[in-house]
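Given next are the chains, with one letter for each unit.
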Amino acid sequence: MAPASSIPAGIRKCLKTAGKTGNYHGVIIPSVCPPAPPAFNQKRRILRLARNLFLIALLILLLPYLLAPLYRAGHPVSTLMAWRYLSGAPMSRQWIDFGAISPFLPRSVVGSEDANFCRHHGIDWDALRDVIDDADDGEVTRGGSTITQQVAKNLFLWPGRSVVRKVLEFPLALWIDLVLPKQRILEIYLNIAELGPSGQFGAQAGSIHAFGHPASALTPREAALLAAILPNPVRRSARNPGPGVRRLAGTYVARAQSLGLQRCWSENRAF
């Protein structure tokens, strides 16, 4: 409501007497306010529009926080998957439960994307500091996003680098780590990550496209190849891997078998 000082004196007087009646020769006459001046009506419309826009923006910002706890169950889709489907672009995804996926794939993905996944709470602050230090030194920066951050981005935000997106992504990743178990976060990631050059999303579609068999039958080498193409599955190929992808896959096979990751797997509450 507009402050009293901004309301014309005549309107204020009318508002004070609104609802009162008068008696004229026995006839009850209700008091009627004169019409507000056009400038006052326009100001009220602008204030009402601003309030409505604020409430809509607030609802959009809060919606991911309301939806995230509901994703303990179901088969969520990413914003990119939804966009491709609505725009008519090719898109395939067959959900596969975590327990049905070859155990080599989640270990390869964690080893390649987020080595501290089992220990952090959505944000890997040590890795983030390393990225900032590399940038300050003029070195090529590595990706500092955790798997939880990528789930937040894929489910609720948009692709591409943006300061605004990062600002929204950080608290959302912390919230997702709080309301979802680690295994569920990883299960969602393995079912919404883009893993093929023509709209293949998730481990099942990516495995069938690259190797011709389901994700349950992935070998350690195949799992590492899929992990190696995650940053850019359009330019990198697990079906016909180049020297760089093969080299990365070899590294990820070793990481998946490392003692640190084995300990992480056995000690984490969700595995």
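What you see is a predicted model, and the numbers here were worked out from it, not measured in a lab. (Residues numbered from 1 in each chain as written. Predicted model: local features only at pLDDT ≥ 70, side-chain atom pairs only at ≥ 80, totals over all residues. Heavy atoms only, no water.)

What follows covers the overall build of the protein. Each helix and strand counted, the protein has 12 helices and 2 strands in total. Partitioning the contacts of the protein with sequence separation of at least 6, the portion at a separation of at least 24 is 65%. (Helix = DSSP H or I, 4+ residues; strand = E, 2+ residues; numbered from the N terminus. Contact = heavy atoms within 4.5 Å.)

A grouping of Phe54, Leu55, Leu58, Leu62, Leu63 and Leu66 is seen on the molecular surface, where their side chains present a nonpolar patch of about 570 Å² in accessible area. Secondary-structure assignment places Leu55 in helix α2 (residues 38-67). (Patch = residues over 30% accessible without salt bridge, like charges linked within 9 Å, V, L, I, M, F, W, Y side chains within 5 Å. Areas by Shrake-Rupley, 256 points an atom, 1.4 Å probe, with all protein chains shown as cover. Salt bridge = Lys/Arg side-chain N within 4 Å of Asp/Glu carboxyl O.)

What follows covers helix α7 (residues 163-179). An α-helical segment advances 3.6 residues per turn. Residues three or four places apart therefore align on the same side. With 17 residues, α7 ought to run about 24 Å at 1.5 Å a step, and its terminal C-alpha atoms sit 25 Å apart, in line with that. Along α7, the largest kink reaches about 25° and is centred on Glu169; proline Pro171 follows within four residues of it. Between the side-chain oxygen of the N-cap and the backbone nitrogen of Val164 there are 3.3 Å, and the N-cap of α7 in question is Ser162. (Expected span 1.5 Å × (residues − 1). Bend = angle between axes of the 7 residues up to and from the residue. Polar contact = N/O pair within 3.5 Å; in protein donor to acceptor, adjacent residues only side chain to side chain.)

Attention shifts here to the side chain of Ser108. Looking at where Ser108 falls in the secondary structure, it is placed in helix α4 (residues 104-113). For Ser108, the side chain forms a polar contact with the main-chain oxygen of Phe104, separated by 2.8 Å. When neighbours within four sequence positions are excluded, Ser108 is seen to be in contact with Pro220, Ala223, Ala224, Ala227, Tyr252 and Ala256.

With that settled, the discussion passes to the confidence of the model for the protein. When the pLDDT values of the protein are averaged, the result is 84; 80% of them are 70 or greater. Counting contacts from residues 21-29, a segment whose pLDDT is below 50, to residues more than four positions away or on other chains yields 9 contacts. (pLDDT = per-residue confidence, 0-100.)

Bringing the environment of Gly122 into the picture now. With respect to the helices and strands, the residue Gly122 is situated in the loop between α4 and α5 (125-136). For Gly122, a relative accessible area of 0% translates into the label buried. Note: C-alpha distance between Gly122 and Lys182 (60 residues apart in sequence) is 9.6 Å. (Buried < 20%, exposed > 50% of the residue type's maximum accessible area, 1.4 Å probe, protein only.)

With that out of the way, let us pick up the packing of α4 against helix α10 (residues 220-228). Where α4 meets α10, the closest approach of the two axes is 8 Å, and the angle between their N-to-C directions is 40°. As summarised for this structure, α4 and α10 are arranged oblique, according to the angle between their axes. Along this stretch, α4 crosses α10, giving a crossing that reads as right-handed. Residues Phe104, Leu105, Ser108, Val109 and Ser112 of α4 touch α10, and the partners they reach there are Pro220, Ala223, Ala224, Leu226 and Ala227. A class-by-class count of the residues in the contact of α4 with α10 yields 8 nonpolar, 2 polar and no charged. (Axes fitted to C-alpha atoms, helices over the stretch in contact; angles between N-to-C directions. Parallel < 35°, antiparallel > 145°, perpendicular 65-115°, else oblique. Left-handed = near helix turned anticlockwise from the far one by under 90°. Nonpolar A, V, L, I, M, F, W, Y, C, P; charged D, E, K, R; others polar.)

Moving on: the packing of α4 against helix α8 (residues 182-192). Taken N-terminus to C-terminus, the directions of α4 and α8 make an angle of 90°; their axes are 11 Å apart at the nearest point. With respect to α8, the element α4 is oriented roughly perpendicular. Only Leu186, Tyr189 and Leu190 of α8 make contact with α4, whose side of the interface consists of Leu105, Pro106, Val109, Val110 and Glu113. Looking at the contact of α4 with α8 residue by residue, the class counts come to 7 nonpolar, no polar and 1 charged.

Let us now look at the environment of Gln150. Along the chain, Gln150 turns up in helix α6 (residues 147-156). Placed 35 residues apart in sequence, Gln150 and Ile185 show a C-alpha to C-alpha distance of 10.0 Å. Discounting chain neighbours no more than four positions away, the residues touching Gln150 are Glu113, Ser145 and Tyr189.

Attention shifts here to α10. For α10, the buried fraction is high: 7 of the 9 residues fall into the buried class. Taken together, the buried positions of α10 are Glu222, Ala223, Ala224, Leu225, Leu226, Ala227 and Ala228. Looking at the buried positions of α10, the neighbouring elements they touch are α4, α9 (202-211) and α11 (243-256).

What follows deals with the nonpolar core. Among the nonpolar cores identified, the biggest contains 50 residues, and Leu105, Ile147 and Ile176 are the most heavily contacted of them. When residues of this core are traced back to their parent elements, those giving at least two are α4, α6, α7, α8, α9, α10, α11 and α12 (259-267). (Core = buried A, V, L, I, M, F, W, Y, C linked by side-chain atoms within 4.5 Å.)

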